[in-house]
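# Commentary on secondary and tertiary structure
As a plain string of letters, each chain reads:
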Number of protein chains: 2
Amino acid sequence: MSDLPELPPTSWAVLGCLGFDEELSGYDIKKWADWSIGHFYWSPSFSQVYSELKRLEKLGYATSRQYRDTGVRGRRVYQITDAGREAVRRWAIESAVEPPILKHGVMLRIWMGHLNDPEQLKQMVKDYIAQMDALNQQLVIDAGAAAEDPAWAFPRVTMNWAKRYYAAERELAEQLLAEIDEAHETLIKSSPDGTLPVHPGHWREVEAHVKGATGT
Amino acid sequence: MSDLPELPPTSWAVLGCLGFDEELSGYDIKKWADWSIGHFYWSPSFSQVYSELKRLEKLGYATSRQYRDTGVRGRRVYQITDAGREAVRRWAIESAVEPPILKHGVMLRIWMGHLNDPEQLKQMVKDYIAQMDALNQQLVIDAGAAAEDPAWAFPRVTMNWAKRYYAAERELAEQLLAEIDEAHETLIKSSPDGTLPVHPGHWREVEAHVKGATGT
């Protein structure tokens, strides 16, 4: 581990794409990311992909050549080297797995839901459900494309996971709709004038409760 | 919307904390984030919180004063202003909700699972399940602390959501265990020598399939 260069996960993801032993252009890798990795990790920009490819070539993990198809304008294609294959294999096995990062803008709005009208919050949740359904439909198409080739066995596992993930997100979102109404009623009942029913120092009580329960 | 300053969601999250109408120190806000927002959006560093508070004060969205308790060393506490309350309210209502960001390191390793030993992959998934269970247990404690106060009605909704989210992640992860073995067997069967059973140009077929299905 110690002699692997310190690279961001993005570099390893690009090298992982080349690890499928095809010659790929930056355009191909961007499409791969949109097509499958993007569903659970990362949808890079073209410029990000190109700068990662340059970095990998400099490290000796990839080689490139100019490629010309009839009628297609030239593009540079990249291929993994033995050193690159060994490095990404070791990274996948040896490096610590970082905990998932989740930044859920819908939940952030609901967290401060007292600032908002409950009907608007529910509309936001409904829009989110529609988004999840659209992603799920796209994934059915994407996963269908991967079904044909044994080499895609592991990407297929992640795409099946993502399908179930979108379905779970939908279900979780649906349960929010009733809870938003309930939270709104709780606020209205305890503070009919619409101000937040805060009593000074209640955060101290929360902190004491959490400390007491965890013994920290 | 046009006259709201362009701030990162982090600024709005900090202002949202102050939007609960308590005087809070940077330390308090860091604890709030760890305690609840961190479960679905963001666990900032102390220095990030302090620089956001300074920025919000400069914008006139918060005021601060030095606060001294008996036996406690002085700390600076922040309070939202009317302009700040109006700004964060408008942000929550008017700004476009960004799609959730998910960076799932476990899934990235599984995606390139042919580089790894299936037993190691399954151990990684089991470690991840244990992580989810630990977070869920912490959340039961955290949500218990929020149960007491009507002002926390909306944070409570997000914490209930997060509990269900962790449970769903556990279930999704458990289904991976069998699928990892299946994918490994698919690879072994189609390529007994352990190399990746790639046929040149299969990515082109995938691309054609996706294009054909979506009509793009």
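### So, the overall build of chain A
- Across its full length, chain A carries 8 helices and 4 strands.
- Overall, chain A shows an N-to-C arrangement of helices and strands of α-β-α-α-β-β-α-β-α-α-α-α.
- Radius of gyration (C-alpha) of chain A: 24 Å, far over the 17 Å computed for a compact globule of 216 residues.
- Counting contacts in chain A only where the partners sit at least 6 residues apart, residues at least 24 apart contribute 58% of the total.

### Re the pairing of strand 3 (residues 75-80) of chain B
All names here are of chain B.
- Taken together, the 2 bridges between strand 1 (residues 24-25) and strand 3 define a ladder with antiparallel strand orientation. Its bridge partner being in strand 3, Leu24 is matched across the sheet by Tyr78.
- Bridge count between strand 2 (residues 62-67) and strand 3: 6 bridges; the pairing is antiparallel. The partner of Arg65 across the bridge, within strand 3, is Val77.

### Some remarks on the interface of chain B and chain A
- On the side of chain A, 83 residues touch chain B, which itself brings 83 residues to the contact.
- Contributions of two or more residues to the side of chain B that touches chain A are made by helix 1 (9-18), helix 2 (26-35), helix 4 (82-94), strand 4 (101-103), helix 5 (105-111), helix 6 (118-146), helix 7 (153-190) and helix 8 (202-214) of chain B.
- At 20 residues, the largest contribution of residues to the side of chain B that touches chain A is made by helix 7 of chain B.

### Here's the deal with the relation of the copies chain B and chain A
- For the match of chain B to chain A, the screw axis carries a shift of 0.0 Å, the RMSD comes to 0.0 Å, and the turn is 180 degrees. Here the two chains are linked by the operation of a two-fold rotation axis. For chain B, the smallest separation between a C-alpha atom and the rotation axis is recorded for Leu102(B), amounting to 2.4 Å.
- In this assembly the copies share their binding face: 100% of the residues contributing to the interface of chain B also contribute to that of chain A.

### A short note on the domain arrangement of chain A
All names here are of chain A.
- The domains assigned to chain A are domain 1 (9-94) and domain 2 (105-214).
- A C-alpha centroid distance of 34 Å is found between domain 1 and domain 2.
- Looking at the side of domain 1 that touches domain 2 residue by residue, the class counts come to 3 nonpolar, 2 polar and no charged.

### A short note on the sheet that holds strand 2 of chain B
Residue and element names in this part refer to chain B.
- Strand order across the open sheet formed by 3 strands is 1-3-2, with antiparallel pairing between neighbours. Two strands lie at the open edges of the sheet, namely strand 1 and strand 2, each paired on one side alone.
- Relative to the sheet, helix 1 contacts strand 1, strand 2 and strand 3, its axis offset from that of strand 3 by approximately 90 degrees.

### Observations regarding the sheet that holds strand 1 (residues 24-25) of chain A
All names here are of chain A.
- Taken in spatial order, the 3 strands make up an open sheet running 1-3-2, and their pairing is antiparallel. Of all the strands in the sheet, the pair left with one neighbour each is strand 1 and strand 2 (62-67).
- Where helix 3 (residues 46-58) meets the sheet, its contacts fall on strand 2 and strand 3 (75-80), and the angle it forms with strand 2 comes to roughly 120 degrees.

### A closer look at the packing of helix 1 of chain B against helix 4 of chain B
All names here are of chain B.
- Where helix 1 meets helix 4, the closest approach of the two axes is 10 Å, and the angle between their N-to-C directions is 125 degrees. The angle between helix 1 and helix 4 falls in the class oblique. For the pair helix 1 and helix 4, the crossing hand works out as left-handed. When helix 1 is examined against helix 4, the residues Trp12, Leu15, Gly16 and Leu18 are found in contact with a partner set consisting of Gly84, Val88 and Trp91.
- Counted by class, the contact of helix 1 with helix 4 contains 5 nonpolar, 2 polar and no charged residues.

### Considering the packing of helix 1 of chain B against helix 3 (residues 46-58) of chain B
Residue and element names in this part refer to chain B.
- Two elements in contact, helix 1 and helix 3, have axes whose closest approach is 10 Å; the angle formed by their N-to-C orientations is 80 degrees. It follows that helix 1 is roughly perpendicular to helix 3 by the angle criterion. Two secondary-structure elements touch here, helix 1 through Thr10, Ser11, Val14 and Leu15 and helix 3 through Gln48, Val49, Glu52, Leu53, Arg55 and Leu56.
- Class assignment of the residues belonging to the contact of helix 1 with helix 3 gives a composition of 5 nonpolar, 3 polar and 2 charged.

### Examining helix 3 of chain B
Residues and elements named next belong to chain B.
- Taking 1.5 Å per residue, 13 residues should reach 18 Å; helix 3 reaches 19 Å between its end C-alpha atoms and fits that length.
- The set of residues buried in helix 3 consists of Val49, Glu52, Leu53 and Leu56. Projected down its long axis, helix 3 shows its buried positions confined to an angular sector of 100 degrees, all on one face. Those residues of helix 3 that are exposed and aimed more than 90 degrees away from the buried face are Ser47 and Lys58.
- Residues of helix 3 that are buried in the fold lie against helix 1, helix 2, strand 2, strand 3 and helix 4.
- Gly60 occupies a position one or two residues after helix 3 and carries a positive phi of about 80 degrees.

Conventions we followed
Residues numbered from 1 in each chain as written. Chains lettered and ligands numbered in written order. Predicted model: local features only at pLDDT ≥ 70, side-chain atom pairs only at ≥ 80, totals over all residues. Helix = DSSP H or I, 4+ residues; strand = E, 2+ residues; numbered from the N terminus. Rg over C-alpha atoms; globule rule 2.2 N^0.38 Å. Contact = placed C-beta atoms within 7 Å. Pairing = 2+ DSSP bridges. Least-squares fit on C-alpha atoms with pLDDT ≥ 70 in both. Domains from an automatic or database assignment. Nonpolar A, V, L, I, M, F, W, Y, C, P; charged D, E, K, R; others polar. Axes fitted to C-alpha atoms, helices over the stretch in contact; angles between N-to-C directions. Parallel < 35°, antiparallel > 145°, perpendicular 65-115°, else oblique. Left-handed = near helix turned anticlockwise from the far one by under 90°. Expected span 1.5 Å × (residues − 1). Buried ≥ 20, exposed ≤ 12 C-beta atoms within 10 Å, placed from the backbone. Arc of directions from axis to C-beta.

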